[in-house]
Amino acid sequence: MPTSPSTARRIVDISLDEQSVARRSPEVEHERAVALFDLLEENDFVLVDGEPGPYKLHVGVYEQRLVFGVHAADDRKLRDIILSLTPFRKVVKDYFLICESYYTAIKKLGPSQIEALDMGRRGLHNEGSELLRERLAGKIELDLDTARRLFTLICALHITA
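Note that the structure is predicted; figures quoted are calculated from it, not measured. (Residues numbered from 1 in each chain as written. Predicted model: local features only at pLDDT ≥ 70, side-chain atom pairs only at ≥ 80, totals over all residues. Heavy atoms only, no water.)

1. Side note on the pairing of strand S4 (residues 65-72)
Next up, step 1: Counting buried residues along S4, seven of its eight residues qualify, which places the element largely inside the surrounding structure.
Next up, step 2: Strand direction decides the pairing type here: strand S3 (residues 55-62) and S4, joined by eight bridges, are antiparallel. By the bridge assignment, His58 is partnered in S4 with Gly69.
Next up, step 3: Counted along the chain from S3 to the antiparallel partner S4, the turn is two residues long, and its residue Glu63 has a positive phi close to 50°.
Next up, step 4: Summarising the sheet, S4 and strand S5 (residues 77-84) pair through seven bridges and their orientation is antiparallel. Bridge pairing in S5 links Leu66 to Leu83. (Buried < 20%, exposed > 50% of the residue type's maximum accessible area, 1.4 Å probe, protein only. Helix = DSSP H or I, 4+ residues; strand = E, 2+ residues; numbered from the N terminus. Pairing = 2+ DSSP bridges.)

Written out as structure tokens, the structure is:
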């Protein structure tokens, strides 16, 4: 079956290894659900030197490594991409700390303090997204928005920081 240009660089299904998923606050769980929805709605993702999409992606954490199981639309395994979590630990930990502060601030603080925390939160999110793109270079090509959504999902997985 030929692949259309619109699906050649797309994730059409994503699943998280539920044994790797840490339960976080309702706000973070909501953010994860939104990231999943947004990721499936719009993404730019393709294996470097690999078969074009559409892809199914399984994300999990095994032995302190992040694993992207990339499958074809017909469920054939195409590639496992394994990344060390070590480079992500600090940014994920800092991201969760600022998210907690942000969600607390929404309930108690004024707009200027909330805005400052939100700017910090977005900055850390961008830092994590760029780190993910760097770590995936040569394996997967993805745009910044897709990297941002994937970084949100990484944060939702069990990571001991």
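2. Focus: the pairing of S3
Next up, step 1: Pairing of strand S1 (residues 11-16) with S3 involves five bridges; the strand directions are parallel. Following the sheet pairing, Ile14 is matched in S3 by Leu57.

3. Overview of the sheet that holds S4
Paired through backbone hydrogen bonds, the strands of a sheet run either parallel or antiparallel to each other.
Next up, step 1: The sheet built from four strands is open, its strands ordered S1-S3-S4-S5 with mixed pairing. The outermost strands of the open sheet, each flanked by one partner alone, are S1 and S5. Looking at each pair of strands side by side, their axes are set apart by 20° on average, direction ignored. (Axes fitted to C-alpha atoms, helices over the stretch in contact; angles between N-to-C directions.)

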